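Coordinates in review
These are the residues of each chain, in order.
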Amino acid sequence: MKQLLKQSIRPAVVLFLLLSLITGVAYPLATTALGQWLLPAQANGSLIEKDGKLVGSTLIGQNFTEPQYFWGRPSATGSYPNNAAASSGSNQGPLNPALADAVKSRVNALKGVDADNTRPVPVDLVTASASGLDPHISPAAAEYQMVRVAKARNLPEVQVRQLIDQHTEGRQWGVLGEPRVNVVTLNLALEQLK
């Protein structure tokens with residue numbers, strides 16, 4: 001019996017160590033090396049630098065609240081908006097009164113900063129994304145804010161519209177998702193107009 005147990009344990013321990021080496025060391029090293037070789041910017045977080053200083057990522061939204069900037073989707077993350085360490089959604093269903101109150105508050109905030117805008121507010125400006133970190137808005141949400149941003153920056157609307165068009169990304173591979181505008185890169189482009 002002792003001999004049988006000894007014969008069973010040795011292969012199990014060897015297999016455990018071999019699989020630990022493959023899945024815990026070799027595979028992560030190979031995928032990291034491949035990512036750094038094929039897609040280095042994406043593998044390092046798609047970081048954005050301006051004048052040698054890190055200012056954000058194209059993958060994580062930022063909390064823009066001043067009228068001269070395009071605003072992104074509301075964030076439902078942790079203790080402060082767009083907290084990448086606490087990604088989460090609000091998990092509020094359409095019948096939840098808290099969601100209705102939050103949407104109403106967000107609509108009022110948008111109307112308060114742009115009282116002349118009578119168009120319907122696009123839904124992505126008043127509802128959080130699943131991760132709470134989405135840096136994108138719809139082209140309709142960008143156009144909704146265009147007049148306010150142009151007025152606040154003393155820019156012609158046509159120039160701001162051109163920036164929106166330049167920063168509108170199409171569907172991924174032409175079929176997945178919807179057209180979208182990255183708010184972080186759009187606001188950085190606005191800053192470069194100065």
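Preceding this paragraph is the structure being described.
Below: a short report on this structure. (Residues numbered from 1 in each chain as written. Predicted model: local features only at pLDDT ≥ 70, side-chain atom pairs only at ≥ 80, totals over all residues. Heavy atoms only, no water.)

**Focus: helix 6 (residues 183-192)**
- The element helix 6 is extensively covered by neighbouring structure, given that eight of its 10 residues are classed as buried.
- A side-chain oxygen of the first residue of helix 6 lies 3.0 Å from the backbone nitrogen of Val184; this N-cap is Asn182. (Buried < 20%, exposed > 50% of the residue type's maximum accessible area, 1.4 Å probe, protein only. Helix = DSSP H or I, 4+ residues; strand = E, 2+ residues; numbered from the N terminus. Polar contact = N/O pair within 3.5 Å; in protein donor to acceptor, adjacent residues only side chain to side chain.)

**Description of the sheet that holds strand 3 (residues 136-137)**
- Strand order in this open sheet of three strands is 3-5-4, and the pairing throughout is antiparallel. With partners counted over all chains shown, the strands left at the sheet margins are strand 3 and strand 4 (168-169), one partner each.
- Of the strand pairs in this sheet, strand 3 and strand 5 (residues 180-182) are connected by two bridges, and their pairing is antiparallel. Among the inter-strand pairings, Ile137 is bridged to a residue of strand 5, identified as Val181. (Pairing = 2+ DSSP bridges.)

**Concerning unusual backbone geometry**
- Phi is positive for Asp51, close to 55 degrees, though the residue is something other than glycine.
- For Asp51, the location among the structural elements is in the loop between strand 1 (47-50) and strand 2 (53-57).
- According to the relative accessible area criterion, Asp51 is exposed, its value standing at 76%.
- You will see that Trp173, though not glycine, has its phi angle at about 55 degrees, which is positive.
- Within the fold, Trp173 resides in the loop between strand 4 and strand 5.

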